[in-house]
Amino acid sequence: MKNIKQLKMLIASVAVFGIFALPVNAHHSTTMFDHSKTLKIVGTVKEVHWTNPHVAIFVEGIITEGQEPTVWLMEMTSPGNLVRAGGWSRSAVKPGDKVTVDFSPLRDGNKGGALKKITLADTGKFYTADIRAQESPNLENVK
Amino acid sequence: MKFLRIFLILSTSTLLGCSPKNNPPISPLTLQQLMGWVIDSNADVIWDSVKSITDINGTTEIFPKTDAEWENIRNSAATLVEAGDLLIAKSKNKEDKQWVEFATRLSQTSMKALQATQDKNKDALFDAGGEIYNACKACHDKYADFDKKASK
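In this text, all values refer to a predicted model and were calculated from it rather than measured experimentally.

One finds A:Ile57, A:Trp88, A:Val101, A:Leu115 and A:Ile118 to be the most contacted residues of the largest nonpolar core, which totals 52 residues. At 8 residues, the largest contribution of residues to this core is made by helix α5 (residues 122-144) of chain B.

Structural data, given as structure tokens:
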């Protein structure tokens, strides 16, 4: 499918041009993410895309001390699956929020990943996401 | 009367001989091409049609506004409705009932998107997009098994 390529182009566009207002409508498997690894980024939410098939949050931040802040694309499952999983809404996380994000990174080293947990620095409130587990309950209702 | 009976038998035999059951699909597309060129591309049209993008300046709501935009999305939804039948036709194992169920689910969820375009209901279209995604994902988990292949 074209989608992995599309996602890479999106990430590259953000990195080079700082463009966020691009569609994140690619349907893809979760295999592009290395689920055996968890990285943590500390930064600021720049943009939230509440869209099918994957909600995306752009976070500008650093992985390790001393780094220049860069923009990372964090992906989740669909809006409907997130809402059904509990807690999430389109305004749960807003641009400008200071956050810490735990995520499974892209296997190819690009600046993106599958969001696992996002914690708001101001309140300590957190939201979890598991792109595979949150999708599973909604896949069984075959009629 | 006897002539009529023979005529009916011959006519029925001829009609049965023309039934789709006896004719293999003539489409040269592979299953992967059907997925990429027909299903995924039309699903993208639906998924991209309704969304919200929020940045520091506010929220931009994207949804179809003109008749032409609604018709374009309607056409993609209709294509996906029919694609369920195409998937069944492409099945390698005609006895695989679960394949048929997944393909039917694609048609059913796409039908909701089609209805939403006819009602010009952007919220219903957004929800249908999520259901289409789950239909795709359920089938991929069963038959494509991307996760297992990646871990090898």
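Residue and element names in this part refer to chain A. Within strand β3 (residues 70-75), 5 of the 6 residues are buried, leaving the element largely enclosed by the surrounding structure. In this sheet, β3 lies alongside strand β2 (residues 56-62) in antiparallel orientation, the contact comprising 6 bridges. Looking at β3, one finds that alanine 56 is bridged to glutamate 75.

Attention shifts here to the environment of B:Leu34. All names here are of chain B. Considering the arrangement of structural elements, one finds leucine 34 in helix α2 (residues 31-47). Since its relative accessible area comes to 3%, leucine 34 is described here as buried. Between the alpha carbons of leucine 34 and methionine 111 there is a distance of 19 Å; along the sequence they are 77 residues apart.

Our focus in this paragraph is the packing of aromatic side chains. Taken as a whole, this structure holds 5 aromatic pairs over all chains when the rule is applied. Taking 5.1 Å as the distance between ring centres and 40 degrees as the angle between the ring planes, the aromatic pair formed by A:Trp88 and A:Tyr127 counts as tilted. Residue A:Trp88 is located in the loop between α2 (79-85) and β4 (98-105), and its partner A:Tyr127 is located in strand β6 (residues 126-128); the two are separated by 39 residues in the primary sequence. This pair shows no difference in class: A:Trp88 is buried, exactly as A:Tyr127 is. Here the aromatic rings of B:Trp47 and B:Tyr133 are separated by 6.3 Å at their centres, their planes lie at 75 degrees, and the arrangement is edge-to-face. Here B:Trp47, found in helix α2, pairs with B:Tyr133, found in helix α5; they are 86 residues apart in sequence, far enough to count as distant. Judged by relative accessible area, which is 0%, B:Tyr133 ranks as buried. In this structure an aromatic cluster arises from ring pairing among B:Trp99, B:Phe102 and B:Tyr143. In this structure, A:Lys117 is placed above the aromatic ring of A:Phe126, and the distance from its NZ or CZ to the ring centre is 4.6 Å.

Residue and element names in this part refer to chain B. Interhelical geometry of α2 versus helix α3 (residues 67-90) gives an angle of 155 degrees and a closest axis separation of 9 Å. Considering their axes alone, α2 and α3 lie roughly antiparallel with respect to each other. As for how α2 packs across α3, the hand of that crossing is left-handed. Touching Leu31, Leu34, Met35, Val38, Ile39, Asn42, Ala43, Val45 and Ile46 of α2 are Asn72, Ile73, Ser76, Ala77, Thr79, Leu80, Ala83, Leu86, Leu87 and Lys90, all from α3. When the residues that make up the contact of α2 with α3 are grouped by side-chain class, the tally is 14 nonpolar, 4 polar and 1 charged.

What counts, and where the lines are drawn
- Residues numbered from 1 in each chain as written.
- Chains lettered and ligands numbered in written order.
- Predicted model: local features only at pLDDT ≥ 70, side-chain atom pairs only at ≥ 80, totals over all residues.
- Heavy atoms only, no water.
- Core = buried A, V, L, I, M, F, W, Y, C linked by side-chain atoms within 4.5 Å.
- Buried < 20%, exposed > 50% of the residue type's maximum accessible area, 1.4 Å probe, protein only.
- Helix = DSSP H or I, 4+ residues; strand = E, 2+ residues; numbered from the N terminus.
- Pairing = 2+ DSSP bridges.
- Phe/Tyr/Trp six-rings, centres within 6.5 Å; stacked < 30°, edge-to-face > 60°.
- Lys NZ or Arg CZ within 6 Å of the ring centre and 35° of its normal.
- Axes fitted to C-alpha atoms, helices over the stretch in contact; angles between N-to-C directions.
- Parallel < 35°, antiparallel > 145°, perpendicular 65-115°, else oblique.
- Left-handed = near helix turned anticlockwise from the far one by under 90°.
- Contact = heavy atoms within 4.5 Å.
- Nonpolar A, V, L, I, M, F, W, Y, C, P; charged D, E, K, R; others polar.

Honestly, that's just the spatial picture; any functional story needs more than this.
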